[in-house]
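Now for the letters of each chain:
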Amino acid sequence: MVIEAVFEDLDLKKKIVADVESVTPDHCVFASNTSAIPIEAIAEGAKRPENIIGMHYFSPVPSMPLLEIIPHGGTSENTKATAFDVGTKQGKTCIVVKDVPGFYVNRCLGPFLVEVSAVVRDGVSLEKLDKSIKDFGMPVGPVTLADEVGIDVVSHVASFLSEADLGVRMEGGDISLMKNMIGKGWLGKKSGQGFYTYDKKKKGKTVSAEVKSYLKDFVQQDLNLDEKEIQDRIVSRFVNEAAMCLQDEIIANPVVGDIGLVFGTGFAPFRGGPFRYLDQVGVSQYVDRMNYFADKYGAQFEPCQLLKDYAATNKKFHSN
């Protein structure tokens, strides 16, 4: 097996496929560690497309337990088995997800990131935003997460999904917030400057005067949002997309969905994942909450049909 992990550029990945196929035996499996590019597109034109599969690792790889395995329509059963075997030997928890833009975890993060930009535009400070989401139960806030993953990487995923098939669900915010930071060289923790400023000599992080000035120009209004509304706006976009992925059979069942977001993003572990969380709060109550936001903020909050169906029948995602 060869695992490729170059930058998210389709032409580059296809060139590497061709180069690897020219020097490897017919049985060699080629796995791409892409975070969003459809595997079918990477396999297009390959000599042995049946040997190509996606293996999406999460950053930082040594400590993140999840591995998304993404077969495309022509991936062989032997290739799938090989990917599972390698991932398991690496100590990863493997889930199979459908070959669509963003796969499962990043597809859910797309609307989440858009809403992060929306609440910043609505006057929420970086510190308050991070604290609100940590208080919900996430291990880190979304601002810190973006800095740690890399502003360039997060911006690329958000931009890619904005041009994909999510439609109105990627609306309501302004992802240029991150895109413009790349031009300033603010790439996050790795460059010493992202949303926060990182000093190698001192522990901790601060918000510089330059970033504060940049954000001041970005803010359109100060709605003085309380912590609960910040949490509900951001988390509901996350949860609704997870339900949409179940509806569209991107994931096989709610268990896979819960494992994916807890192990892949750290989704409030004590809540058990998005589907356990929906069962706890009640799907009907959650649909009412999203409809309230849809009336207040726009169609990006409209709950997916699966949530509406479960709400109408008081159905739960888990039986125990």
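Attention in this report is confined to the structure presented alongside it. (Residues numbered from 1 in each chain as written. Predicted model: local features only at pLDDT ≥ 70, side-chain atom pairs only at ≥ 80, totals over all residues. Heavy atoms only, no water.)

**Concerning the nonpolar core**
One finds Tyr104, Leu129, Phe195, Phe267, Phe275, Leu307 and Phe317 to be the most contacted residues of the largest nonpolar core, which totals 86 residues. In this structure Leu129 touches Val116, Val119, Val120, Val124, Pro142, Val143, Ile230 and Ile234, once residues within four positions along its chain are discounted. Grouped together as the second largest cluster of nonpolar side chains are nine residues, Val29, Ile69, Ala83 and Cys94 included. (Core = buried A, V, L, I, M, F, W, Y, C linked by side-chain atoms within 4.5 Å. Buried < 20%, exposed > 50% of the residue type's maximum accessible area, 1.4 Å probe, protein only. Contact = heavy atoms within 4.5 Å.)

**Things to note about the sheet that holds strand 1 (residues 2-4)**
Taken in spatial order, the five strands make up an open sheet running 1-2-3-4-5, and their pairing is mixed. Where the open sheet ends on each side, the last strands, each with one partner, are strand 1 and strand 5 (93-96). Geometrically, the sheet is characterised by an average inter-axis angle of 30 degrees between neighbouring strands, direction not taken into account. Two strands pair when backbone bridges link them, and strand 4 (residues 66-71) and strand 5 are joined in this way by four bridges, in the parallel orientation. Residue pairing in the sheet places Leu67 in a bridge with Cys94 of strand 5. The strands touched by helix 3 (residues 77-89) are strand 3 (52-57), strand 4 and strand 5; relative to strand 3, the strand with the most contacts, the crossing angle is about 25 degrees. (Pairing = 2+ DSSP bridges. Helix = DSSP H or I, 4+ residues; strand = E, 2+ residues; numbered from the N terminus. Axes fitted to C-alpha atoms, helices over the stretch in contact; angles between N-to-C directions.)

**Let's talk about the packing of aromatic side chains**
On inspection of all chains with the given rule, the structure shows 13 aromatic pairs. Taken together, a centroid distance of 5.9 Å and an interplanar angle of 45 degrees make the contact between Phe293 and Tyr297 tilted. Remark: Tyr297 and Phe293 occur in helix 13 (residues 283-297); sequence separation between them is four residues, near one turn of the helix. When its relative accessible area of 22% is taken as the criterion, Tyr297 is described as partly exposed. Three or more aromatic residues joined by ring pairs make a cluster, and in this case those are Phe112, Phe136, Phe238, Phe267, Tyr277 and Tyr286. The ring of Tyr297 has Arg233 lying over it, and the distance from NZ or CZ to the ring centre is 4.1 Å. Positioned above the aromatic ring of Phe301 is the side chain of Arg237, whose terminal nitrogen or guanidinium carbon lies 5.3 Å from the ring centre. (Phe/Tyr/Trp six-rings, centres within 6.5 Å; stacked < 30°, edge-to-face > 60°. Lys NZ or Arg CZ within 6 Å of the ring centre and 35° of its normal.)

**A short note on helix 8 (residues 176-183)**
Residues spaced three or four apart along an α-helix point in a common direction, a consequence of the helix completing one turn every 3.6 residues. For helix 8, every residue scored as buried is listed here: Leu177, Met178 and Met181. For helix 8, the angular spread of buried residues about the axis comes to 90 degrees, placing them on one side. In helix 8, those exposed residues whose orientation departs by more than 90 degrees from the buried face are Lys179 and Gly183. Those residues of helix 8 hidden inside the fold are in contact with helix 4 (105-121), helix 7 (151-162) and helix 9 (209-218). (Arc of directions from axis to C-beta.)

**Describing the pairing of strand 3**
Counting buried positions along strand 3 yields six of six residues, so the element is predominantly enclosed. Here strand 3 shows no split at all, with Ile52, Gly54 and His56 on one side and Ile53, Met55 and Tyr57 on the other all buried. Bridging between strand 3 and strand 4 involves five bridges; their strand directions are antiparallel. Each bridged residue has a counterpart across the sheet, and for Met55 the counterpart in strand 4 is Ile69.

**Quick word on the environment of Asp248**
With respect to the helices and strands, the residue Asp248 is situated in the loop between helix 10 (227-247) and helix 11 (254-265). Here the alpha-carbon distance between Asp248 and Gly183, two residues 65 residues apart in the chain, equals 36 Å.

**Topic: the pattern of salt bridges**
Within this structure, the stated rule accounts for 20 salt bridges. For Asp85, the salt bridge identified is with Lys89, shortest N-O distance 3.3 Å. Taken together, the residues span about one helical turn, with Asp85 and Lys89 both in helix 3 at a distance of four residues. Note that Glu302 is salt-bridged to Lys308, the shortest N-O span being 2.7 Å. Overall, the relative accessible area of 43% leaves Glu302 in the partly exposed class. We classify Lys308 as partly exposed; its relative accessible area is 27%. (Salt bridge = Lys/Arg side-chain N within 4 Å of Asp/Glu carboxyl O.)

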